[in-house]
Amino acid sequence: MDSDTRTYRTGDREVVLDLTRDAAAYVAERGDGLLHVFVPHATAGIAILETGAGSDDDLLAALADLLPADDRWRHRHGSPGHGRSHVMPALVPPYATVPVLDGRLALGTWQSICLVDLNVDNDVREVRFSFLAG
């Protein structure tokens, strides 16, 4: 297995960050196998969804409805509602695996690999791309 870690800045707002280009570049010319994407943070996740047509904003809105940024959370350090960021990976897991065929991601037409980050207290994220050859 081959693995590489990349650093992303997510800023001071909630974000769905498209990683598809970087993932495609990582697997280019590798043949067949599996790409595993993992974010080693307790407050971020990886999602496969359509981007650019409003789905990324819809995901953030749905997470805001499910996990309000208020004072209900027992985990209370950081910005108001920070505890919800620690619950989010149970809904948006910190990993995804995508088939790779002939060095190309086998995603559907509208699918993108995205980093989902609700934690406005930490603007730097590490993402690990790992390739397992078939």
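Preceding this section is the structure that the text describes.
Residues numbered from 1 in each chain as written. Predicted model: local features only at pLDDT ≥ 70, side-chain atom pairs only at ≥ 80, totals over all residues. Heavy atoms only, no water.

Novice: Summarise the nonpolar core; cite the residues concerned and give the values.
Specialist: Counting residues in hydrophobic clusters, the biggest one holds 19 residues, and the most contacted among them are Leu19, Leu35, Val37, Ile46, Leu105, Ile113 and Phe129. Those elements that provide at least two residues to this core are helix 1 (20-27), strand 3 (33-38), strand 4 (44-49), strand 5 (95-101), strand 7 (112-117) and strand 8 (124-133). Those residues in contact with Leu105 that lie beyond four places of it in its chain are Thr20, Ala23, Ala24, Val27, Leu35, Val98, Pro99, Val100 and Ile113. Listed in part, the 13 residues of the second largest apolar core include Val16, Trp73, Met88 and Leu118. (Core = buried A, V, L, I, M, F, W, Y, C linked by side-chain atoms within 4.5 Å. Buried < 20%, exposed > 50% of the residue type's maximum accessible area, 1.4 Å probe, protein only. Helix = DSSP H or I, 4+ residues; strand = E, 2+ residues; numbered from the N terminus. Contact = heavy atoms within 4.5 Å.)

Novice: Which residues make up the side chain of Thr10, and what values do they have?
Specialist: Position of Thr10 among the secondary structure elements: in the loop between strand 1 (2-9) and strand 2 (15-18). The buried category is assigned to Thr10, whose relative accessible area is 7%. Those residues within four positions of Thr10 in sequence are excluded, and the remaining contacts are Val15, Leu115, Asp117, Asn122, Asp123, Val124 and Arg125.

Novice: Give me the sheet that holds strand 1: which residues, what numbers.
Specialist: Reading across the sheet, the five strands line up as 1-8-3-5-6 and stay open at both edges, with antiparallel pairing between neighbours. In the strand order of this sheet, the two ends are held by strand 1 and strand 6 (104-105), each with one partner. With two bridges joining them, strand 5 and strand 6 adopt antiparallel strand pairing. Directly across from Val100, in strand 6, lies its bridge partner Leu105. (Pairing = 2+ DSSP bridges.)

Novice: Account for the environment of Leu60, with residues named and values stated.
Specialist: Here Leu60 lies in helix 2 (residues 55-66). Excluding anything up to four places from it in sequence, Leu60 contacts Glu14, Val15, Val16 and Leu118.

Novice: Which residues make up a nonpolar patch on the surface, and what are the values?
Specialist: Taken together, Met1, Leu34 and Leu132 make up a surface patch of nonpolar side chains, about 340 Å² in accessible area. By the secondary structure assignment, Met1 is in the segment before strand 1. You can call Met1 exposed: its relative accessible area is 76%. (Patch = residues over 30% accessible without salt bridge, like charges linked within 9 Å, V, L, I, M, F, W, Y side chains within 5 Å. Areas by Shrake-Rupley, 256 points an atom, 1.4 Å probe, with all protein chains shown as cover. Salt bridge = Lys/Arg side-chain N within 4 Å of Asp/Glu carboxyl O.)

Novice: Describe the sheet that holds strand 7, naming the residues involved and giving the relevant values.
Specialist: Strand order in this open sheet of three strands is 2-7-4, and the pairing throughout is antiparallel. The sheet is open, and its two edges are formed by strand 2 and strand 4, each paired on a single side. Adjacent strand axes in the sheet meet at a mean angle of 30 degrees when their direction is disregarded. Summarising the sheet, strand 4 and strand 7 pair through six bridges and their orientation is antiparallel. Considered in strand 7, the bridge of Gly45 is made with Val116. (Axes fitted to C-alpha atoms, helices over the stretch in contact; angles between N-to-C directions.)

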